[in-house]
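Here is what each chain is made of, one letter per residue.
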Amino acid sequence: MPLALCTTSHSPLIGLHDPDPQVRAEVDGVLAEARAFVAGFAPDLVVVFAPDHYNGFLYDMMPSFCVGAAASSVGDYGLPSGPLDVDRDAAYAIATAVLDAGVDVAVSEDMQVDHGLVQPLTFLFASLTVVPVVPIFINCVAEPLGPAVRARLLGAAVGEAARDLDRRVLVVGSGGLSHDPPVPRLAEAPPEVVERLKRGRNPTREQRAQREGRTIAAARDFAEGRGPYRPLNPAWDGFVLDVLADGDFGALDGRDNDWFVEQGGHSAHEVRTWIAAYAALAAQGPYAVRSTYYRAIPEWFAGFATTTALPR
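Residues numbered from 1 in each chain as written. Predicted model: local features only at pLDDT ≥ 70, side-chain atom pairs only at ≥ 80, totals over all residues. Heavy atoms only, no water.

Draft legend 1. Quick look at the side chain of Asp237. When you line up the elements, Asp237 lands in helix α7 (residues 234–246). Of the side chains with opposite charge, Arg295 lies nearest to the buried Asp237, which makes no salt bridge, at 12 Å. At a separation of 2.5 Å, a polar atom in the side chain of Asp237 contacts the side chain of Tyr294. Every residue in contact with Asp237, bar those within four places of it in the chain, is listed here: Leu177, Ser178, Tyr294 and Gly303. (Helix = DSSP H or I, 4+ residues; strand = E, 2+ residues; numbered from the N terminus. Buried < 20%, exposed > 50% of the residue type's maximum accessible area, 1.4 Å probe, protein only. Lys, Arg positive; Asp, Glu negative; His and termini not counted. Salt bridge = Lys/Arg side-chain N within 4 Å of Asp/Glu carboxyl O. Polar contact = N/O pair within 3.5 Å; in protein donor to acceptor, adjacent residues only side chain to side chain. Contact = heavy atoms within 4.5 Å.)

Here is the structure:
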């Protein structure tokens, strides 16, 4: 059945620490065009590949991949909270097919998702429940990480599974490109942060506000050239966009994890969601990218990009 693709960067800082109004208007226009593309495709199922930022997945049990059979938004950074309209049957069909393809994937009947998955849905739809979804978590921050090629294998298996669903499926990849925000790392964190990374679900409103306030403050420093954060890398971002547009997955398959960090920062691993989404589309055959937008936006801590694509 037909597939379409939309990949986009996300940033919890949108609306909280915006760039120049002209840049914000430019991005809003691009997202409106992506929304029109999606409306024209008229999906009846959305498969979202997304990371998490220690809001739903923690070190008490950290899978590499997880398919959500039921999911709720935690509502971080002022985004909508509450249940998503998850198609449970489709989720289990996809998880089963992925396992049959030899890719290990967990299943959750109570997935908690944060801005990494929710924000793209707000970009593309009027609400979180307009179209049924299947959320697929890809670990992009919690070390140790497997090689990025496994994200391609996951995406390819999901794309094959989608062919048997008899649905119009929109595949969304959320994350990246180059960025190095202050996401904690277990090996370097103080004891109180380690404890939160292991079992920190459901923080209080005050705790969440403190965490989000620190992120906004870090973004201010980064936009003004201060702080210990790696700079954005438009050249690398352009390389990744070109590779995915060409379907040249081999240019990324052999890259080790250190390469992604050196080129794009620690959170550049979120590009795994794009790799998975494009691999899912490639499972249908050759494809053509219909639109590409890119701008480095330090106020959002992101090399910000949005693409759309369809099978040829």
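Draft legend 2. Representation of empty space enclosed by the protein within the structure. On inspection of all chains with the given rule, the structure shows 4 cavities of 30 Å³ or more. Lining of the largest cavity is provided by Ala50, Pro51, Asp52, Phe57, Met111, Gln112, Val113, Asp114, Leu117 and Phe137. Sorting elements by how many residues they give to the lining of the largest cavity places strand β7 (residues 111–113) first, with 3 residues. Residues of the lining of the largest cavity, tallied by class, amount to 7 nonpolar, 1 polar and 2 charged. (1 Å grid on protein atoms, 1.4 Å probe; cavity = no way out; pocket = protein on both sides within 12 Å on 5 of 7 lines; lining within 4 Å. Points joined across faces, edges and corners; volume = space filled by probe spheres on them. Nonpolar A, V, L, I, M, F, W, Y, C, P; charged D, E, K, R; others polar.)

Draft legend 3. Quick peek at the pattern of salt bridges. Following the criterion strictly, the structure yields 12 salt bridges and no others. Note that Asp18 is salt-bridged to Arg24, the shortest N-O span being 2.7 Å. Take Asp18: its relative accessible area is 30%, and that puts it in the partly exposed class. Note that Arg295 is salt-bridged to Glu26, the shortest N-O span being 2.9 Å. A residue pair is termed long-range when its members are at least 10 positions apart, and Arg295 in strand β10 (residues 287–297) and Glu26 in helix α1 (residues 21–41) qualify at 269 residues. Judged by its relative accessible area of 32%, Glu26 falls in the partly exposed class.

Draft legend 4. Expanded view of the nonpolar core. Grouped together as the largest cluster of nonpolar side chains are 52 residues, with contacts concentrated most on Val47, Phe49, Ile94, Val134, Ile136 and Leu154. Apart from residues no more than four positions distant in its own chain, Leu154 is found in contact with Phe49, Phe65, Val98, Val103, Ile136 and Ile138. (Core = buried A, V, L, I, M, F, W, Y, C linked by side-chain atoms within 4.5 Å.)

Draft legend 5. Spotlight on the environment of Ala25. Topologically, Ala25 is positioned in helix α1. What makes Ala25 partly exposed here is its relative accessible area of 47%. Separated by 220 residues in sequence, Ala25 and Ala245 have C-alpha atoms that sit 25 Å apart.

Draft legend 6. The packing of aromatic side chains, seen in detail. Under the definition given, this model contains 11 aromatic pairs. An angle of 10° between the planes, with centres 3.9 Å apart, marks the rings of Phe57 and Phe137 as stacked. With Phe57 in the loop between β2 (45–50) and β3 (65–68) and Phe137 in strand β8 (residues 133–138), the pair connects residues that are 80 residues apart, well separated along the chain. Side by side, Phe57 and Phe137 carry an identical accessibility label, which is buried. Judged by centre distance (4.5 Å) and plane angle (15°), the ring pair of Phe222 and Phe301 falls under stacked. In this pair, Phe222 sits in helix α6 (residues 205–223) while Phe301 sits in the loop between β10 and β11 (302–311), placing the two residues 79 residues apart along the sequence. (Phe/Tyr/Trp six-rings, centres within 6.5 Å; stacked < 30°, edge-to-face > 60°.)

Draft legend 7. The environment of Gly116, seen in detail. As for its placement among the helices and strands, Gly116 is situated in helix α3 (residues 115–124). For Gly116, a relative accessible area of 0% gives the class buried. Sequence separation between Gly116 and Ser9 is 107 residues, and the spatial gap between their C-alpha atoms is 8.8 Å. In this view, Gly116 contacts His10, Ala50, Pro51, His53 and Ser174; residues no more than four positions away in its chain are not counted.

Draft legend 8. Quick peek at the pairing of β11. Of all 10 residues in β11, 9 are buried, a share of seventy percent or more. Pairing geometry for strand β1 (residues 3–8) and β11, over 4 bridges, is antiparallel. Looking at the pairing, Leu5 lines up with Ala309 of β11. As paired elements, β10 and β11 share 10 bridges and run antiparallel to each other. Note that in β11 the partner of Thr292 across the bridge is Thr307. Adjacent in sequence and paired antiparallel, β10 and β11 are bridged by 4 residues, among which Phe301 carries a positive phi angle near 60°. (Pairing = 2+ DSSP bridges.)

Draft legend 9. Representation of the sheet that holds strand β4 (residues 71–74). The strand order across the open sheet built from 3 strands is β5-β4-β7, with neighbouring strands paired in mixed fashion. Every other strand in the sheet has two partners, leaving β5 (81–83) and β7 as the edge strands with one partner each. Looking at each pair of strands side by side, their axes are set apart by 20° on average, direction ignored. Pairing analysis gives 3 bridges linking β4 to β5, with the strands arranged antiparallel. Note on β5: the bridge partner recorded for Ser72 is Pro83. (Axes fitted to C-alpha atoms, helices over the stretch in contact; angles between N-to-C directions.)

Draft legend 10. Layout of the sheet that holds β8. The strand order across the open sheet formed by 8 strands is β6-β3-β8-β2-β9-β1-β11-β10, and the pairing between neighbours is mixed. Sheet topology places β6 (106–108) and β10 at the edges, where each strand pairs with a single neighbour. Averaged over all pairs of adjacent strands, the angle between strand axes in this sheet comes to 15°, irrespective of strand direction. Pairing between β3 and β8: 3 bridges, direction antiparallel. Each bridged residue has a counterpart across the sheet, and for Phe65 the counterpart in β8 is Ile138. Where helix α4 (residues 149–162) meets the sheet, its contacts fall on β1, β2, β3, β8 and β9 (169–174), and the angle it forms with β2 comes to roughly 175°.

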